[in-house]
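Examination of the molecular architecture
Here is how the chains run, residue by residue.
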Amino acid sequence: MAEAPQQQQEEEEEEEQPSSVEETEADEESEEEAKESVHTTPPRPLLSMRSMSTVDPDDDSPNMIVYRKIEDIVTLIQDEEEGVPIRTVKSFMTKIPSVVTGTDIVQWLMKNLAIEDPAEAMHIGSLIAAQGYFFPISDHVLSLKDDGTFYRFQAPYFWPSNCWEPENTDYAIYLCKRTMQNKTRLELADYEAENLARLQRAFARKWEFIYMQAEAQVKIDRKKDKTERKILDSQERAFWDVHRPVPGCVNTTEMDIRKCRRMKNPHRVKKSVYGLVEEGTQSQSPILTPSHHCRKGTKEDVEKEILFLNTQIDRHRMKMSKVAESLISYTDQYMDYDQFVTAQEPANPWNSDDPSLWELEASKEPSQQRVKKWGFSLEEALKDPAGQELFLKFLESEFSSENLRFWLAVQDMKRRPQQDVAQRAEDIWAEFLAEGAPSSINLDSHSYERTSQNLKDPGRYSYEDAQDHIYKLMKSDSYTRFLRSNVYQDLLMAKKKPETEQGRRTSLEKFTRSVGKSLTGKRLTGLMQSS
Amino acid sequence: MAAEKAEIDALKKECDGLRTQIEAARKAVNDGNMSSAAGSATDVGRVQLKLRKSLKGHLAKIYSMHWSSDSRSMVSASQDGKLLVWDTHTGNKLVAVPLKSAWVMSVAFAPSGNLVASGGLDNMCTVYNIKAASPKTLRELDAHTGYLSCCRFLSDNEILTASGDTTCCLWDLETGKQKIIFTNHIGDCMSLALSNDENTFVSGACDSLAKLWDLREGTCKQTFSGHTSDINAIQFFPNGNAFVTGSDDCSCKMYDLRSDQEVITYQDASLNAGVTSLTLSNSGRLIFAGYDDFNCHIWDSLKGEKVGVLSGHDNRVSCTGVPADGMGVCTGSWDSFLKLWN
């Protein structure tokens, strides 16, 4: 199995933090190219001896980098001097060749990779096993246990870095072969029997061919030494455990199905495990549709692009320094409400098992924090049902609620089913905009014209202009008065916890200042984007 | 033939000329660096989150998850052919929706909480009523010619979808018909995000571009470039004026709509894995990005630094989400588990 390595010094793998396992292992991907970064590949720590890895050292696709690291570890762990004790174990009536216990592996990992926590060593070991570099001899589930379970190392022929993509024909041959060999240790597991039955149905027409191939494989196997066969059989099985895992196990070789069709990976080797010559039909998932045509640039496309680009040339672009400023002030303002940065009150329901926060959020009795947020922007006030209610009440007291009611009515109309929209649009016109309307709103003549035009063919967006205009009006006029109003200020202050005279005054100052700041500061209200 | 080619070449040259002008205009306003400006922002320090819950129930890879607007329920989709609706507080499964096609790639919760939608390799978006006694299929939206990569409800009456056929589409759920088809991307659309006011949305695609669309006009308003590979994930920054993308090129980027360009890139020499998913904390300060390296890394969105990591999954992190109340973050993985952290 392991080559006889030269003497070497022991080197540590890169540092692992004891509490968080920073894994960089990845599934086999499709056409990922390594990003063109300037980073230097960290020196290969275990490589003063010759590694069994055949991964090209200049290959820096993510999977290959990881396979190389694993293979360096796997080489060292099998070293006669520095590795784990791999030996033949005498069992009742038989000998089990070339095995090592889980505990030995865990201990070795802890020692050689500077891991303090055995659980972490088991985790890394399980991840390496899941990729198929070593396996339990009596189980299909590829994980590492810290006990006397026997493990064996995988033959380099079967290593994932060879980019195997075994076809179902190969798998069928394998399962078929197993049933021919008449050994209890080779009996099919339930899921394998099911797989075989499924494959027989799928390959009904070429089953004779598959059967013959299986027979040929059996013949070849018989020629081998008994002990060697035991080892090879188990390695072959472990290979299939990676590529056709037990149900319930994660398949480490599967790729994101969305990227499958566009694979351009140069590593993909379409060779058969059993040396079959490629036939016409490849086993592809029946659900994968053939890739749609790639949209090439026709003359029309380019013309459309030119039109689009022309609209973009003269657009107004905000200075980056201003953008940075607004992002910073936004996050600073909202960080008090960000549970990841500031502890919230009442306690987070996930931590304390106490749902009172949710109940509070849903209640009509808002907390002081919540009331404060209404002062950030009109959007925030309207987003909160309690805020919206209070604002409406305030407007009613001023006999100017028709603007908000109009805005809300349009919002509601936009969410209605299509069939109701036309009627609602008419109703809104009658209520707010028609001659002598009961809740007449004040629209500029331009918006009024546009809107009445739109209503000839009423739709969800007929009132966009009007809504926009009214929103801006509310923001600049009624909203600012609302924030200064008694009804809002009382609510803002009434919920304060009792403090000393001194404390109360300072807090009051702070609140008035912050409310004032939010009114005058450059702040993003975001509801109506300026383009 | 030659004349036509010459014509196209001339047009392409015009295109290039315009692009150069636009780049120059963008450069002209690029008068500052976000991460250095962020020196004045409050420090967030190291973000260390604890695992609060591990939701077990799926039997295969989880591809997608979405929070309900009540911040308590959540729906997840797995290639075991099921959608599961969870009560995240108790960890109980509330509803199980069996799918006709197990190759699901995306799931969404309607803001009302009455409906969920899912779709994938079947090229369809199926909408289910989960408030009925047993989940009932409401609509099968069948018009895309490519896989369904993402879907988002505007209301119980409208839904937006993104597809591998390079288009996004707005559907009317009453009739089950397409209302607007958004065509402009030249690669599979992988993800979309709705703005707060639901007037616009952004999409990310395999052509490495992000685009802003107007829902009312049905047109592409802005295009953002910078990534060098597929954009897999996209989310709006809570102020509605910026958005963040995650890509196979192993980086995330923030783009601002008003300055019409990239603001900052989030990348690290040690991160060699593609970004599969991302979500932001409710102040926008933190970005939780799921990577192929089985971790979810946490970024300071203003300073562009890594401030934490969520390790615990045994396979790729395929989806992440922060609920509306911002009380935690959920990660879903190909290892079939969903984990809640805060």
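Parameters at a glance
Residues numbered from 1 in each chain as written. Chains lettered and ligands numbered in written order. Predicted model: local features only at pLDDT ≥ 70, side-chain atom pairs only at ≥ 80, totals over all residues. Heavy atoms only, no water. UniProt positions renumbered as here; feature names shortened; annotations may be inferred. Helix = DSSP H or I, 4+ residues; strand = E, 2+ residues; numbered from the N terminus. Rg over C-alpha atoms; globule rule 2.2 N^0.38 Å. Buried < 20%, exposed > 50% of the residue type's maximum accessible area, 1.4 Å probe, protein only. Lys, Arg positive; Asp, Glu negative; His and termini not counted. Charge placed at Lys NZ, Arg CZ, Asp CG, Glu CD. Contact = heavy atoms within 4.5 Å. Areas by Shrake-Rupley, 256 points an atom, 1.4 Å probe, with all protein chains shown as cover. Pairing = 2+ DSSP bridges. Buried area = accessible area lost by both parts, 1.4 Å probe. Salt bridge = Lys/Arg side-chain N within 4 Å of Asp/Glu carboxyl O. Polar contact = N/O pair within 3.5 Å; in protein donor to acceptor, adjacent residues only side chain to side chain. Nonpolar A, V, L, I, M, F, W, Y, C, P; charged D, E, K, R; others polar. Expected span 1.5 Å × (residues − 1). Arc of directions from axis to C-beta. Domains from an automatic or database assignment. Axes fitted to C-alpha atoms, helices over the stretch in contact; angles between N-to-C directions. Core = buried A, V, L, I, M, F, W, Y, C linked by side-chain atoms within 4.5 Å. Parallel < 35°, antiparallel > 145°, perpendicular 65-115°, else oblique. Left-handed = near helix turned anticlockwise from the far one by under 90°. pLDDT = per-residue confidence, 0-100.

The name given to chain B in an unreviewed UniProt entry is Guanine nucleotide-binding protein G(I)/G(S)/G(T) subunit beta-3b, with Gymnodraco acuticeps as the source organism. Listed under Sequence similarities (unreviewed entry) in UniProt, the entry text for chain B is "Belongs to the WD repeat G protein beta family."

As annotated in an unreviewed UniProt entry, chain A carries the name Regulator of G-protein signaling 6 and is attributed to Gymnodraco acuticeps.

What to know about the overall build of chain B
Scanning chain B from N- to C-terminus turns up two helices and 28 strands. The globule rule puts the C-alpha radius of gyration for 342 residues at 20 Å, and the 20 Å found for chain B is close to it. C-alpha atoms of chain B, sized along the principal axes, occupy 65 × 50 × 35 Å. With 342 residues in all, chain B has 67% of them scored as buried. Each charge class in chain B can be summarised by its mean position, and for the 32 positive and 39 negative side chains these summaries are 6 Å apart.

Observations concerning the overall build of chain A
Counting its regular elements, chain A contains 22 helices and four strands. Relative to its full complement of 531 residues, chain A shows a buried share of 48%. Considering only contacts in chain A between residues 6 or more positions apart, those separated by 24 or more positions represent 67%. Summed over all atoms, the accessible surface of chain A reaches about 27,800 Å², with 51% contributed by carbon and sulfur.

Observations concerning the UniProt feature "repeat: WD" (unreviewed entry) in chain B
On the UniProt side, "repeat: WD" (unreviewed entry) is annotated at positions that read residues 55-96, 141-181, 182-223, 224-265 and 310-342 of chain B here. Between the C-alpha atoms that bound residues 141-181 of chain B there is a distance of 13 Å. The span itself is 0% helix and 61% strand.

As for the UniProt feature "coiled-coil region" (unreviewed entry) in chain B
The feature "coiled-coil region" (unreviewed entry), as given by UniProt, occupies residues 1-28 of chain B in the numbering adopted here. As a span, residues 1-28 of chain B carries 96% helix and 0% strand, and end to end its C-alpha atoms are 41 Å apart.

What about the pairing of strand S23 (residues 286-291) of chain B?
Side-chain direction in a regular strand flips from residue to residue, so the side chains alternate between the two faces of the sheet. All names here are of chain B. Of all six residues in S23, six are buried; the element is thus mostly enclosed. Taking every second residue as pointing to the same face, both faces of S23 are buried, with Leu 286, Phe 288 and Gly 290 on one and Ile 287, Ala 289 and Tyr 291 on the other. Pairing between strand S22 (residues 275-280) and S23: five bridges, direction antiparallel. If you follow Ser 277 over to S23, its bridge partner there is Gly 290. Bridging between S23 and strand S24 (residues 296-300) involves five bridges; their strand directions are antiparallel. Bridging from a neighbouring strand, Ile 287 pairs with Trp 299 of S24. In this structure, the hairpin formed by S23 and S24 is closed by a connection of four residues, where Phe 294 is found at a positive phi of approximately 80 degrees.

Points about the interface of chain A and chain B
Each partner contributes to the interface: chain A provides 89 residues, whereas chain B provides 122 residues. Taking both sides of the interface into account, the surface hidden between chain A and chain B amounts to around 9,300 Å²; carbon and sulfur atoms contribute 57%. Seen at the junction of chain A and chain B, the total is six salt bridges. For Lys 299 of chain A, the salt bridge identified is with Glu 7 of chain B, shortest N-O distance 2.8 Å. The interface formed by chain A and chain B contains 19 residue pairs in polar contact (both at pLDDT 80 or more). Mapped onto the side of chain A that touches chain B, the elements with two or more residues apiece are helix H1 (62-77), helix H3 (118-131), helix H8 (257-260), helix H9 (299-313), helix H10 (320-334), helix H11 (349-352), helix H12 (356-362) and helix H17 (418-433) of chain A. The residue inventory of the side of chain A that touches chain B, partitioned by class, reads 37 nonpolar, 22 polar and 30 charged.

Here's the deal with helix H5 (residues 190-202) of chain A
Residues and elements named next belong to chain A. For H5, which comprises 13 residues, the first-to-last C-alpha distance of 18 Å matches the rise-based estimate of 18 Å (1.5 Å per residue) to within 8%. Of the positions making up H5, those classed as buried are Tyr 191, Glu 192, Asn 195, Leu 196 and Leu 199. Down the axis, H5 shows its buried residues gathered within 140 degrees of arc, on one side only. In this structure, H5 carries Asp 190, Glu 194 and Arg 201 as exposed residues pointing more than 90 degrees from its buried face.

Describing the domain arrangement of chain A
Split by domain assignment, chain A resolves into domain 1 (63-261) and domain 2 (343-493). Computed from C-alpha coordinates alone, the two centres of domain 1 of chain A and domain 2 of chain A are separated by 63 Å.

Details of the UniProt feature "domain: RGS" (unreviewed entry) in chain A
Following the UniProt record, the feature "domain: RGS" (unreviewed entry) maps to residues 377-492 of chain A here. Helix makes up 73% of residues 377-492 of chain A and strand 0%. Its end C-alpha atoms lie 15 Å apart.

Structural notes on the sheet that holds strand S3 (residues 73-78) of chain B
Residue and element names in this part refer to chain B. Taken in spatial order, the four strands line up as S2-S3-S4-S5 in an open sheet, and their pairing is antiparallel. Whereas interior strands pair on both sides, the edge strands pair on one side only; in this sheet they are strand S2 (62-67) and strand S5 (92-98). Averaged over all neighbouring strand pairs, the angle between strand axes comes to 20 degrees, with direction disregarded. With six bridges joining them, strand S4 (residues 82-87) and S5 adopt antiparallel strand pairing. Bridge pairing links Asp 87 to Asn 92 in S5.

Focus on the UniProt feature "domain: DEP" (unreviewed entry) in chain A
Feature annotation in UniProt assigns "domain: DEP" (unreviewed entry) to the following positions: residues 80-155 of chain A. Helix makes up 33% of residues 80-155 of chain A and strand makes up 26%, while its end C-alpha atoms are separated by 16 Å.

Describing the sheet that holds strand S25 (residues 305-310) of chain B
Residue and element names in this part refer to chain B. Ordered in space as S22-S23-S24-S25, the four strands form an open sheet in which the pairing is antiparallel. The strands lining the two open edges of the sheet, one partner per strand, are S22 and S25. With direction set aside, neighbouring strand axes in the sheet form an average angle of 25 degrees.

Observations regarding the nonpolar core
Residues and elements named next belong to chain A. Core analysis: the biggest nonpolar cluster contains 38 residues, and Ile 105, Leu 109 and Phe 134 have the highest contact counts within it. Of all the secondary-structure elements, those providing two or more residues to this core are H1, strand S2 (94-101), helix H2 (102-112), H3, strand S3 (134-136), strand S4 (150-153) and helix H7 (226-243). Here this core gets eight residues from one element, more than from any other, and that element is H1. Not counting residues within four places of it along the chain, the set of residues in contact with Phe 134 comprises Ile 105, Gly 125, Ile 128, Ala 129, Leu 142, Leu 144, Tyr 151, Arg 152, Phe 153 and Gln 154. Ranked by size, the runner-up nonpolar core spans 36 residues in total, among them Phe 394, Leu 395, Tyr 463 and Leu 483.

Quick notes on the packing of helix H4 (residues 168-180) of chain A against helix H6 (residues 207-222) of chain A
Between two packed helices, what matters for the description is the angle formed by their axes and the separation of those axes. All names here are of chain A. The geometry of H4 relative to H6 is characterised by a closest axis approach of 8 Å and an angle of 60 degrees between their N-to-C directions. When the interaxial angle is binned, H4 and H6 end up oblique. Crossing handedness for the pair H4 and H6: right-handed. Contacts between H4 and H6 involve Thr 169, Ala 172, Ile 173, Cys 176, Lys 177 and Met 180 on the former and, on the latter, Trp 207, Ile 210, Tyr 211, Gln 213, Ala 214, Glu 215, Gln 217, Val 218 and Asp 221. Here the residues of the contact of H4 with H6 sort into nine nonpolar, three polar and three charged.

Thoughts on the pattern of salt bridges
Scanning the entire structure with this criterion turns up 37 salt bridges over all chains. Across the salt bridge formed by Lys 372 of chain A and Asp 336 of chain A, the nearest N and O atoms sit 4.0 Å from each other. You can see Lys 372 of chain A sitting in helix H13 (residues 368-374) and its partner Asp 336 of chain A sitting in the loop between H10 and H11, a full 36 residues away along the chain. Its relative accessible area of 35% is what places Asp 336 of chain A among the partly exposed residues. Of the charged contacts, one joins Asp 256 of chain B and Arg 258 of chain B as a salt bridge, the two residues approaching to 3.2 Å between their closest N and O atoms. Asp 256 of chain B gets classed as buried once you look at its relative accessible area, which sits at 0%. Salt bridges sharing common partners tie together Lys 177, Asp 221, Lys 224 and Glu 236 of chain A.

Things to note about the confidence of the model for chain A
Residue and element names in this part refer to chain A. With 76% of its residues at a pLDDT of 70 or more, chain A has an overall mean of 79. Predicted confidence for residues 496-505 stays below pLDDT 50, and this span has eight contacts to residues more than four positions away or in other chains. Here residues 520-531 is a poorly scored stretch, pLDDT under 50, and it has 32 contacts once near neighbours within four places are set aside; other chains count.

Concerning the environment of Asn 33 of chain B
Residues and elements named next belong to chain B. Here Asn 33 shows up in the loop between helix H1 (2-29) and helix H2 (34-37). Look at Asn 33 and you get partly exposed, because its relative accessible area is 44%. Taking the C-alpha atoms as reference points, Asn 33 and Lys 303, 270 residues apart in sequence, are found 9.9 Å from one another. Within the local environment of Asn 33, its side chain forms a polar contact with the backbone nitrogen of Ser 36, the two atoms lying 3.0 Å apart.

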